[in-house]
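Here's the letter readout for the chains.
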Amino acid sequence: MTPFGVGMKLVILDRDGTINHERDDYIKSADEWVPLPGALEAIARLNHAGWHVVVATNQSGIGRGLFDMAALNAMHARMNQQLARHGGRVEAVFFCPHTPEDQCTCRKPLPGLFNLIGQRFGVSLAGVPMVGDLPRDVLAAQSVGCEPHLVRTGQAATMTETELIDLRQRVSDLTIHPDLSSFADFLILRDRRAHGEDSPVATHMGELT
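Residues numbered from 1 in each chain as written. Predicted model: local features only at pLDDT ≥ 70, side-chain atom pairs only at ≥ 80, totals over all residues. Heavy atoms only, no water.

**Remarks on the overall build of the chain**
Then, in step 1: The secondary structure content of the chain amounts to seven helices and six strands.
Then, in step 2: Listed N to C, the secondary structure of the chain is β-α-β-α-α-β-α-β-α-β-α-β-α in terms of helices and strands.
Then, in step 3: Principal axes of the C-alpha set define a box for the chain whose edges measure 50 × 40 × 30 Å.
Then, in step 4: When the 209 residues of the chain are sorted by exposure, 51% land in the buried category. (Helix = DSSP H or I, 4+ residues; strand = E, 2+ residues; numbered from the N terminus. Buried < 20%, exposed > 50% of the residue type's maximum accessible area, 1.4 Å probe, protein only.)

Following this line, the structure appears as structure tokens:
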């Protein structure tokens, strides 16, 4: 992998509904953190292809008093331990602990978390792929010039065709995938083709149009 800074291959992932299953009552402990099928393997494939993976996630459960920082750290320790078994890693997790009523600038769809990522890694976010399962994820990505991707897992799994059409009108360069595995395959294959490499990549469900 390349050093942090100019020229690094960075990809930003949402957490709940993208990497792991969501819960209506919030994920409040490490035991409740359960990865989606194929998601950890997808992150490992991105890593092996030279991508640095970071996570940007709203965690208002902290602000609501449903769990504390120790519980959040335990969730991410579990995520990293399970990722390591697949040879993958997440460089950092950027999170917003606030509720909507706090009116902070770091809660997606506002761009605060993304600006922090750019500052931390010393890169422009223009064109950096970002993937999530909610409109607020891709709207936040669009606001800082990231390349927006939506996965039909988590809450996006229940979006209607009308809702998807409306989102495409708001985010004109949006690409939609069935899941994180398909997103990873798409990104890796596109990168190989851009560098003139014809070696195949194992595909899963493919891109949704």
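**Concerning the packing of aromatic side chains**
Then, in step 1: With the rule as written, the count across this model stands at one aromatic pair.
Then, in step 2: In this structure, Arg120 packs its charged tip against the face of Phe121, placed 5.4 Å from the ring centre. (Phe/Tyr/Trp six-rings, centres within 6.5 Å; stacked < 30°, edge-to-face > 60°. Lys NZ or Arg CZ within 6 Å of the ring centre and 35° of its normal.)

**Comments concerning the side chain of Lys108**
Then, in step 1: Secondary-structure assignment places Lys108 in the loop between β3 (92–96) and α4 (112–121).
Then, in step 2: A polar contact of 2.8 Å, which involves the side chain of Lys108, links it to the side chain of Asp137.
Then, in step 3: Look past the residues within four positions of Lys108 in its chain and what remains in contact with it is Asp14, Ala56, Thr57, Asn58, Phe114, Arg136, Asp137 and Ala140. (Polar contact = N/O pair within 3.5 Å; in protein donor to acceptor, adjacent residues only side chain to side chain. Contact = heavy atoms within 4.5 Å.)

**Describing the pairing of strand β5 (residues 147–151)**
Then, in step 1: Counting buried positions over the five residues of β5 gives five, a clear majority of the element.
Then, in step 2: Neither face of β5 is left uncovered, since the one carrying Glu147, His149 and Val151 and the one carrying Pro148 and Leu150 both have all their residues buried.
Then, in step 3: Where strand β4 (residues 129–132) and β5 come together, four bridges link them in parallel fashion. Each bridged residue has a counterpart across the sheet, and for Val131 the counterpart in β5 is His149.
Then, in step 4: Handedness of the crossover joining β4 and β5 through helix α5 (residues 135–143) is recorded here as right-handed.
Then, in step 5: Two strands pair when backbone bridges link them, and β5 and strand β6 (residues 175–177) are joined in this way by three bridges, in the parallel orientation. (Pairing = 2+ DSSP bridges. Right-handed = clockwise from strand over helix to strand, strands pointing away.)

**Things to note about the nonpolar core**
Then, in step 1: Among the nonpolar cores identified, the biggest contains 29 residues, and Val11, Leu13, Ile19, Leu46, Leu180 and Phe183 are the most heavily contacted of them.
Then, in step 2: Contributions of two or more residues to this core are made by β1 (10–13), α1 (39–48), β2 (52–58), α3 (69–85) and α7 (180–194).
Then, in step 3: Beyond its immediate chain neighbours, meaning those up to four positions away, Phe183 contacts Val11, Leu13, Leu46, Pro129, Val131, His149, Val151 and His177. (Core = buried A, V, L, I, M, F, W, Y, C linked by side-chain atoms within 4.5 Å.)

**Overview of the confidence of the model for the chain**
Then, in step 1: Overall, the predicted model of the chain reaches an average pLDDT of 92, with 91% of residues at or above 70.
Then, in step 2: Counting contacts from residues 201–209, a segment whose pLDDT is below 50, to residues more than four positions away or on other chains yields 26 contacts. (pLDDT = per-residue confidence, 0-100.)

**Some words on the sheet that holds β5**
Then, in step 1: Strand order in the open sheet formed by six strands is β3-β2-β1-β4-β5-β6, with parallel pairing between adjacent strands. Edge positions in the sheet fall to β3 and β6, since each has one partner strand and no second. The sheet shows a mean angle of 25° between the axes of neighbouring strands, taken without regard to direction.
Then, in step 2: Its contacts with the sheet place α5 against β2, β4 and β5, and it is angled at close to 170° to β5. (Axes fitted to C-alpha atoms, helices over the stretch in contact; angles between N-to-C directions.)

**Examining empty space enclosed by the protein**
Then, in step 1: In total, this model carries one cavity of 30 Å³ or more according to the counting rule given.
Then, in step 2: In this structure, the largest cavity occupies an estimated 30 Å³ of space.
Then, in step 3: Lining the largest cavity, in full, are Thr18, Leu36, Pro37, Ala39, Thr153, Asp179, Leu180 and Ser181. (1 Å grid on protein atoms, 1.4 Å probe; cavity = no way out; pocket = protein on both sides within 12 Å on 5 of 7 lines; lining within 4 Å. Points joined across faces, edges and corners; volume = space filled by probe spheres on them.)

**Thoughts on α4**
Then, in step 1: The complete set of buried residues in α4 reads Gly112, Leu113, Phe114, Ile117, Gly118 and Phe121.
Then, in step 2: Among the structural elements, β1, β2, β3, β4 and α5 are those in contact with the buried residues of α4.
Then, in step 3: Gly122, located one to two residues past α4, shows a positive phi value of around 65°.

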